[in-house]
Amino acid sequence: MSSKINKVTLGYWSTKGLGAASRQMIIYAGIPLVAKIYKVLPKEENGEVIYEGSSWHDNDKIELKKKNSLINLPYLQFLKDDEEYVISHSNTCLTFLGKEFGMFGQTSKEQIECEQLLQESVDLRSVVTKFAYTHFLNKEEELFAAKEVFISAFEKSNSGKLQKFEHWLNSKDNNLSKNFLVGNSISSPDFNLFDTLDLYKNFLLYYNFVEGAEDNNVFNLAGYPLISEFFNNFRLLPKLQKYINSELYKLPFTNKGAKFGSGKNGITWDPAIDTDTTPEEIIIE
Ligand SMILES: N[C@@H](CCC(=O)N[C@@H](CS)C(=O)NCC(=O)O)C(=O)O
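Anyway, here's the lowdown on the structure attached to this text. Keep in mind the model is a prediction, meaning the values are calculated, not measured.

Definitions and limits used
Residues numbered from 1 in each chain as written. Predicted model: local features only at pLDDT ≥ 70, side-chain atom pairs only at ≥ 80, totals over all residues. Heavy atoms only, no water. Helix = DSSP H or I, 4+ residues; strand = E, 2+ residues; numbered from the N terminus. Rg over C-alpha atoms; globule rule 2.2 N^0.38 Å. Buried < 20%, exposed > 50% of the residue type's maximum accessible area, 1.4 Å probe, protein only. Pairing = 2+ DSSP bridges. Right-handed = clockwise from strand over helix to strand, strands pointing away. Contact = heavy atoms within 4.5 Å. Polar contact = N/O pair within 3.5 Å; in protein donor to acceptor, adjacent residues only side chain to side chain. Phe/Tyr/Trp six-rings, centres within 6.5 Å; stacked < 30°, edge-to-face > 60°. Near = heavy atom within 4 Å. Areas by Shrake-Rupley, 256 points an atom, 1.4 Å probe, with all protein chains shown as cover. Nonpolar A, V, L, I, M, F, W, Y, C, P; charged D, E, K, R; others polar. Salt bridge = Lys/Arg side-chain N within 4 Å of Asp/Glu carboxyl O.

### Considering the overall build of the protein
Working step 1: Of regular secondary structure, the protein possesses 11 helices and seven strands.
Working step 2: The C-alpha atoms of the protein give a radius of gyration of 19 Å, which matches the 19 Å a tight globule of 285 residues would have.
Working step 3: Over its C-alpha atoms, taken along the principal directions, the protein stretches across nearly 55 × 55 × 30 Å.
Working step 4: By the burial criterion, 51% of the 285 residues in the protein qualify as buried.

### A word on the pairing of strand β2 (residues 33–38)
Working step 1: Here β2 lies mainly inside the structure; five of its six residues are buried.
Working step 2: Relative to β2, strand β1 (residues 8–13) is paired through six bridges, and the arrangement is parallel. Directly across from Val8, in β2, lies its bridge partner Leu33.
Working step 3: The parallel pair β1 and β2, bridged by helix α1 (residues 20–28), forms a crossover whose chirality is right-handed.
Working step 4: Sheet analysis places β2 next to strand β7 (residues 281–284), joined by four bridges and oriented antiparallel. Its bridge partner being in β7, Val34 is matched across the sheet by Ile283.

### Structural notes on the side chain of Asn91
Working step 1: Inspection of the secondary structure puts Asn91 in helix α3 (residues 90–100).
Working step 2: With a relative accessible area of 15%, Asn91 lands in the buried category.
Working step 3: Aside from chain neighbours lying at most four places away, what touches Asn91 is Leu118, Gln119, Val122 and Asn192.

### Digging into the side chain of Thr254
Working step 1: Its location among the elements puts Thr254 in the loop between α11 (247–250) and β7.
Working step 2: Residue class for Thr254 comes out buried when judged on its relative accessible area of 2%.
Working step 3: At 2.7 Å, the side chain of Thr254 forms a polar contact with the backbone oxygen of Phe260.
Working step 4: Separated by 3.0 Å, the side chain of Thr254 and the backbone nitrogen of Ser262 make a polar contact.

### A short note on the packing of aromatic side chains
A ring pair, where both rings are aromatic, is described by two values, the distance of the centres and the angle of the planes.
Working step 1: On inspection of all chains with the given rule, the structure shows 30 aromatic pairs.
Working step 2: With a centroid separation of 6.5 Å and an interplanar angle of 45°, the aromatic rings of Tyr38 and Tyr75 are classed as tilted. Here Tyr38, found in strand β2, pairs with Tyr75, found in strand β5 (residues 75–80); they are 37 residues apart in sequence, far enough to count as distant.
Working step 3: Considering the side-chain rings of Phe203 and Phe209, the 5.7 Å spacing of their centres and the 40° angle between planes classify their relative orientation as tilted. Summarising the burial analysis for this pair, Phe203 and Phe209 share the class buried.

### Here we look at the site of the ligand
Working step 1: All residues in the neighbourhood of the ligand are listed as Tyr12, Trp13, Leu18, Trp56, His57, Lys61, Asn72, Leu73, Pro74, His89 and Ser90.
Working step 2: Trp13 is positioned with one of its side-chain polar atoms (N or O) 2.9 Å from an oxygen atom of the ligand.
Working step 3: Within the side chain of Trp56, a nitrogen or oxygen atom sits 2.7 Å from an oxygen atom of the ligand.
Working step 4: In isolation the ligand offers 510 Å² of accessible surface; the protein chains occlude 66% of this area.
Working step 5: Per element, the largest residue contribution to the shell around the ligand is three residues, and it comes from helix α2 (residues 54–67).
Working step 6: Classifying every residue of the shell around the ligand by side-chain character gives six nonpolar, four polar and one charged.

### With respect to the pattern of salt bridges
It is possible for side chains bearing opposite charge to pair when their charged atoms get close.
Working step 1: As enumerated under the stated definition, the model contains 14 salt bridges in all.
Working step 2: One salt bridge in this structure joins Glu63 and Lys66, with 2.7 Å as the shortest N-O distance. One end of the pair, Glu63, and the other, Lys66, are both in helix α2, three residues apart, so they sit about a helical turn from each other.
Working step 3: Residue classification places Glu63 among the partly exposed positions, given a relative accessible area of 47%.
Working step 4: Residue Lys66 is classed as exposed on the basis of its relative accessible area of 62%.
Working step 5: For the salt bridge of Lys67 with Glu84, the shortest nitrogen-to-oxygen distance reads 3.1 Å. With Lys67 in helix α2 and Glu84 in strand β6 (residues 83–88), this residue pair connects regions lying 17 residues apart in the sequence.

Below you can see the structure in the form of structure tokens.
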């Protein structure tokens, strides 16, 4: 499907976070992306370093709020048929982009599948991000909480979060590809699931929850063969390589205040050794 949009601006923090899947989709669709980057800055409060977001809150947010009262990060801004759109809420952005780029199912039944899968991937992601932004009193507490995340996301009972996706893929008709969540082609929830799995991959490897695991077999060894195949296939998709090879893919998953996924080494942001050199705009034509 050819889009009537010739350029999209996407605003988000200097992290992957809730902005990554939309960035991927725009690049995958071959539409020029202006990735506007806002950075949180360290500030001392009660003897502790906290991070504040005035680069966003006291700047672009003020003007954008006049155009959309719900404005938040991530947001999309673009012209379509000479009309300006400013959209926020990550799943709304992904739904819009999916429909615009022909990546939101081929039938109304598939569209409903996409919508459910987007919500489900939010549930899966929130288990690990809640943990990532929690500050633990000591290592023991952290490891206990990490184990809880592992159980909640990876347990095989019907309550586990990831088994839902494994079963979803498994129950697809035999004539449909198991490399995509919906039908036989890529759709919005694939991007969201990929980014979430990428974060879980780091989590599993760091806490060593899966013995002998490496980058490309961690989900398989954890007992999720279809998820493993989905993940490994997705990151090799030719149209995704522009993203994988860009600075956007190198950004940390979480923001600087997070204990997990925020540092350049993939663990915790450390102001003593880490510097945020991300430019204010990353343009991918
Ligand atoms: N439901 C929203 C949540 C958005 C949100 O919480 N954004 C965070 C970053 S993940 C933020 O810092 N927003 C900036 C703001 O509140 O203006 C979404 O899915 O986009």
